Structures are given as C-alpha cells and as structure tokens.
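One-letter residues, chain by chain:
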Amino acid sequence: MASYGLVHLVIAYLAVRVAFGGSKQSADQKGAIAEIGSSSFGAILLWLLALGLIAFGLWQFLMAATGYDWVSDKRRRAVRKAGSVARGVVVIALGVSAIQLVTEGNQGGSGNQKPQEFTAKLLSLPAGPALVAVLAAMVLGVAFSSARKGIKRIFLDDLDTAELPVGARRWVERLGLTGYVAKGAVFAIVGVLTAIAAFSSNAGKAGGLDAALRTLAAQPFGPYLLVVVALGLAAFGVYCFAAARVHKS
C-alpha cells in the first residue's frame, strides 16, 4: 500500500509540472514509474517499487477471496471484493511495467495509447458506439463511487483508527476525504472523454489519466484547478501510507 501511495505522490508531482507546462512525461501511473526510474538509484528504486506493487496486488486478491468480513451487508461486501480484484490486476500490471522498465528500458508508450486502442477496438464492433457509451457510464460510476467513498467517509470502515492518536485520526480522515474526491474528479473527466469518443465515434477523443489531467489544464483557470487536483492526489498518496499501518485484513 505504501508503494501505491508513492505512485500517487509522483503522479501529483507530474500533474503540477503539467499545470505549468514543464512536463512532457505522461501524468499517469506509468509516467510515475518512468519518473522514479529516471532518478538517482532508479534501478534499485524500481525493483523495490515493483516488489511492493506486486505484493499489494496479491494482497488485494487475498482480500477478495477471504477479506471484508467486517462488512455486514452482502452486496457492499461483494462490491468491495470486486474492487479489490480490479485494483489487484491494475497494481500488478504496474509492478510488471516497473520490472520491464528496469530490465528492458521499455516505458510502454504514451499513457493514452492503450485506452485509445481499446476504444478503437470497441468502436469497430457492431453497436460499437453503444458499447463505448456503456464503458463511459461504468467509468463515471467508478468516479461517483470514489467521490462518495470520500464524502461519506466509507473508507474509515476499513481502518482500525483506534490504533491512531486522536489528532492523527482527524488527519487520516481529511486526507482520505480529499484523496478519494480528487480521484473521483479525475475518473469523471476520463468518463466524459470516453463518452465524447462514443458520441463522435472517434477513439482519439478517449484517454486515460494523463489525458484527463491535460484536458483539465487546458480549461480556463485549468492550471489552478489542476494544482488543486494534484494536491488531492498527493493527499491520497499520504493517506495510503497511514492506511498501510492500520488497514484491516
């Protein structure tokens, strides 16, 4: 979980650089890994990050199989487990990307390339625009769920906050609230971009996290809004460090 937090901290740093026009690096998870790899002792850091991310992903699979027994509602527990499976797949893929970067120097191309390729494949199918519209609705659903998790403090259900001092509990709550809402905002932009791709039948309109952040930066007052989102992503990164200590298992 600490490795997952580190990735978000670096994404926040890249987002600030994008806001002020100082970065051509993809402001997404793969861009964050590439940024870490370019630092001093980059190879060592990438190996440590890869091991941490893969361990986190495997833990998410274990949580999906045997965890969340503290969630009494069966539907909510099923949703949490499904989220753990999705998170595990994404995080292990990031760990593999880190290993590829340190062993092969392969950065995997643009952060928007794969979302656009996937969208193009969907658009080429019968009823392709409708399928992409469904995908957009799913991404917007994830955005809503993330923001709701922050606003309603649902993330606190997964933490043993009694192990933290009272002052620390308040900070963990604030960081989680800010972080989940920021992630929800970014997912919402990704969902809107995907919806535009569906209605225009143009896969080039789609994109991932990097496209979302750069789209935000291009709006009126965009750089300032992007800095606010970056602070939110940084808050989520710091929250992950705290949650790594007190998360239920």
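Residues numbered from 1 in each chain as written. Predicted model: local features only at pLDDT ≥ 70, side-chain atom pairs only at ≥ 80, totals over all residues. Heavy atoms only, no water.

**Considerations on the pattern of salt bridges**
Scanning all chains against the criterion turns up four salt bridges. In this structure, the salt-bridge partner of Glu173 is Arg153, at a minimum N-O distance of 3.0 Å. Residue Glu173 is located in helix 7 (residues 166–200), and its partner Arg153 is located in the loop between helix 6 (128–151) and helix 7; the two are separated by 20 residues in the primary sequence. Classification of Arg153 as partly exposed rests on a relative accessible area of 30%. Within this structure, Arg76, Arg80, Asp157 and Asp158 form a network of salt bridges that share partners. (Salt bridge = Lys/Arg side-chain N within 4 Å of Asp/Glu carboxyl O. Helix = DSSP H or I, 4+ residues; strand = E, 2+ residues; numbered from the N terminus. Buried < 20%, exposed > 50% of the residue type's maximum accessible area, 1.4 Å probe, protein only.)

**Structural notes on the nonpolar core**
One finds Ile11, Ile33, Leu159, Leu213, Leu226 and Tyr239 to be the most contacted residues of the largest nonpolar core, which totals 48 residues. When residues of this core are traced back to their parent elements, those giving at least two are helix 1 (2–19), helix 2 (29–37), helix 3 (42–66), helix 4 (74–104), helix 7, helix 8 (209–217) and helix 9 (222–246). Looking at this core element by element, the count peaks at twelve residues for helix 9. Core analysis: the next-biggest nonpolar cluster, separate from the first, contains five residues, Leu122, Leu123, Val132 and Ala198 among them. (Core = buried A, V, L, I, M, F, W, Y, C linked by side-chain atoms within 4.5 Å.)

**Concerning the environment of Lys74**
You can see Lys74 is positioned in helix 4. Accessibility expressed as a relative area gives 69% for Lys74, which makes it exposed.

**Looking at the packing of aromatic side chains**
With the rule as written, the count across this model stands at nine aromatic pairs. Ring centres of Phe56 and Trp59 lie 5.7 Å apart, and the angle between their planes is 40 degrees; on these two criteria the pair is classed as tilted. Here the residue Phe56 and the residue Trp59 both occupy positions in helix 3, the gap between them amounting to three residues, near one helical turn. Among the residues examined, Phe56 registers a relative accessible area of 4% and is labelled buried. (Phe/Tyr/Trp six-rings, centres within 6.5 Å; stacked < 30°, edge-to-face > 60°.)

**Regarding unusual backbone geometry**
We note that Arg153 has phi near 60 degrees; this positive angle belongs to a residue other than glycine. Unusually for a residue other than glycine, Phe221 sits at a positive phi of about 60 degrees. Within the element layout of this structure, Phe221 appears in the loop between helix 8 and helix 9. Relative accessible area serves as the criterion here: at 64%, Phe221 is assigned to the exposed category.

**A look at the packing of helix 1 against helix 3**
At a minimum axis separation of 8 Å, helix 1 and helix 3 run at an interaxial angle of 120 degrees. Of the possible angle classes, the one that applies to helix 1 and helix 3 is oblique. The segment helix 1 lies against helix 3, with Ser3, Tyr4, Leu6 and Val7 engaging Leu48, Leu49, Gly52, Leu53 and Phe56. Residue composition of the contact of helix 1 with helix 3, grouped by class: seven nonpolar, two polar and no charged. (Axes fitted to C-alpha atoms, helices over the stretch in contact; angles between N-to-C directions. Parallel < 35°, antiparallel > 145°, perpendicular 65-115°, else oblique. Contact = heavy atoms within 4.5 Å. Nonpolar A, V, L, I, M, F, W, Y, C, P; charged D, E, K, R; others polar.)

**Quick look at the side chain of Ser146**
Within the secondary structure, Ser146 sits in helix 6. Take Ser146: its relative accessible area is 9%, and that puts it in the buried class. Setting aside chain neighbours within four positions, we find Ser146 in contact with Tyr180, Val181, Lys183 and Gly184.

Treat this as a map of the structure, not an account of what it does.
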